[in-house]
Amino acid sequence: MDGPEIHQVDAWRPGVPGITEVLHAHFTDHAYPVHTHTTWDLMLLDDGVVDFALDRTRHGATDASRVVLLPPGVPHDGRTVNPAGFRKRVLYLSTDVLPARLAGKAVAGPILGDPALRARVHRLHGTLRDQDDALEAQSRLAFVRERLLVHLDAHRVRPPGREGDRLAARLRELLDARIADGLTLDEATTLLHAHPTHLIRSFSRTYGLPPHTYLTGLRIDRARRLLLAGERPVAVASAVGFYDQAHLNRHFKRHLGVTPVAYARRNGRSLH
């Protein structure tokens, strides 16, 4: 291929159970040798074209609206097709998220034309840079998993019934009681004996917003009261359950349009 080769790779391990690695990459001239993974590879093609073989059948991913799902234990390769190469984002999902026994369906059709799934995976990527919002990341992963299981003929979505209001109320009580400590999705589903996506849907239908958004709102309200009482932002962040002051600043400014320091000053409080 003409022009300099570009290999840009950004990889990390997020603090979300079930996601063993996140990979963002841009290649202009690269060919993966045949290999296997112990994980599921969930890929978004953001730009360009990639050609790959899965179990000795060749496929071409040419449409950024589609999602590629490669199962564990099945040989595959991958290569650039033209000088522009390709950009991709990949989540490596453990078999706790998707059982390995479902590999056959993915081998038969690894390219999924599902805009809703792509949107869910894209939003999940947006939460994985920080370790701050565990409930949001776990919730988004649960909905990605649900959609993938539907494609693998292993799940049917059940809309919340009348019991959903009671379930939502119980979750709200848990969130109200654990503003500072927080609550993981695994903890909530264990305590309430509920399926993750059913629990989130029930809460969203009853209260008009997802649990992670509700919890953030509670934390912002408590932070405002503490700031107006003269507490310093670094202490407020810890007291209301944010990871650090930067985490507080980001959410506070999103909600109120100003930083915690500016908010307190405008209301006649000194934080020094």
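A brief structural summary. (Residues numbered from 1 in each chain as written. Predicted model: local features only at pLDDT ≥ 70, side-chain atom pairs only at ≥ 80, totals over all residues. Heavy atoms only, no water.)

Some remarks on the packing of helix α4 (residues 163–177) against helix α7 (residues 211–228)
Rules: Between the N-to-C directions of two axes lies an angle of 0 to 180 degrees, each axis being a line fitted to C-alpha atoms and, for a helix, fitted only over the stretch in contact. Secondary structure follows DSSP: runs of H or I at least 4 residues long count as helices, runs of E at least 2 residues long count as strands, and numbering of each begins at the N terminus. Should the near helix be turned counterclockwise from the far one by less than a right angle, the crossing is left-handed, whereas a clockwise turn marks it as right-handed. When checking whether two residues touch, look at their non-hydrogen atoms; a contact exists if any pair is within 4.5 Å. When residue character is reported, Ala, Val, Leu, Ile, Met, Phe, Trp, Tyr, Cys and Pro are called nonpolar, Asp, Glu, Lys and Arg charged, and the others, Gly included, polar.
Contact geometry of α4 with α7 gives a least axis separation of 10 Å together with a crossing angle of 35 degrees. Here α4 runs over α7; the crossing is right-handed. Counting all contacts with α4, which are made through L171, R172, L175 and D176, the residues of α7 involved are P211, Y214, L215 and L218. Per-class residue counts for the contact of α4 with α7 are six nonpolar, no polar and two charged.

Focus on the sheet that holds strand β3 (residues 31–35)
The strands making up a sheet are joined through hydrogen bonds of the backbone, oriented either antiparallel or parallel. Put simply, the rule reads: Two strands are counted as paired when DSSP detects at least two bridges linking them.
Read across the sheet, four strands follow the order β3-β8-β5-β6 without closing on themselves; strand pairing throughout is antiparallel. Both edges of this open sheet fall to β3 and β6 (57–61), since each of them pairs with a single strand only. Neighbour-to-neighbour, the strand axes of this sheet turn through a mean angle of 15 degrees, independent of strand direction. Note: strand β5 (residues 50–54) against strand β8 (residues 76–80), three bridges, orientation antiparallel. Among the inter-strand pairings, D51 is bridged to a residue of β8, identified as R79.

Some thoughts on the packing of aromatic side chains
The description of two aromatic rings rests on the distance between their centres and on the angle between their planes. Note the cut-off: Each Phe, Tyr or Trp ring (for Trp, its six-membered ring) is paired with any other whose centre lies within 6.5 Å, and the angle between the two planes then decides the class: stacked below 30 degrees, edge-to-face above 60, tilted in between. The cut-offs for exposure are 20% and 50% of the maximum accessible area for each residue type, with area from a 1.4 Å probe on protein chains only; residues under the lower value are buried, those over the upper are exposed, and the others partly exposed. To sit over a ring, a charge needs its Lys NZ or Arg CZ within 6 Å of the ring centre and within 35 degrees of the ring normal.
Summed over the entire model, instances satisfying the criterion amount to five aromatic pairs. Each ring, one from F27 and one from Y32, has its centre 5.9 Å from the other, and the planes form 80 degrees; the classification is edge-to-face. For F27, a relative accessible area of 5% corresponds to the buried category. Residue class for Y32 comes out partly exposed when judged on its relative accessible area of 24%. A ring pair is formed by F252 and Y263, whose centres lie 5.3 Å apart and whose planes are at 75 degrees; its orientation type is edge-to-face. Separated by eleven residues along the polypeptide, F252 in helix α9 (residues 245–256) and Y263 in helix α10 (residues 260–266) bring together distant segments of the chain. Take F252: its relative accessible area is 0%, and that puts it in the buried class. Clustering of aromatic rings is evident, with ring pairs tying together F27, Y32 and F86. Lying over the aromatic face of Y207, R172 brings its terminal NZ or CZ to 4.6 Å of the ring centre.

Some points on the side chain of H251
Considering the arrangement of structural elements, one finds H251 in helix α9. Residue contacts for H251: discarding those within four places in its chain leaves D133, T216, I220 and F242.

A look at the pattern of salt bridges
Basically, it comes down to this: Should a side-chain nitrogen of Lys or Arg be within 4 Å of a carboxyl oxygen of Asp or Glu, the pair is scored as a salt bridge.
Enumeration over the complete set of coordinates arrives at 15 salt bridges. For D114, the salt bridge goes to R147, with nearest N and O atoms at 2.7 Å. Placement of the pair is D114 in the loop between β10 (111–112) and α2 (115–127) and R147 in helix α3 (residues 134–151), with a sequence separation of 33 residues. A cluster of three or more residues bridged by salt bridges with shared partners is formed by D51, R58, D77 and R79.

Topic: the pairing of β6
Moving residue by residue along a regular strand, the side chains alternate between the two faces of the sheet. Sheet topology note: the β5/β6 ladder contains five bridges and is antiparallel. In the sheet register, L54 faces β6, and the bridge partner there is T57. Taking the residues between adjacent antiparallel strands as the criterion, β5 and β6 are bridged by two residues, where D55 takes a positive phi near 55 degrees.

Digging into the sheet that holds strand β2 (residues 19–27)
If you trace the six strands from one edge of the open sheet to the other, you get β1-β2-β9-β4-β7-β10, paired in antiparallel fashion. Because the sheet does not close on itself, it has two edges, and the strands there are β1 (7–12) and β10. By the bridge criterion, two bridges tie strand β7 (residues 67–70) to β10 in an arrangement that is antiparallel. Paired with V68 across the bridge in β10 is I111.

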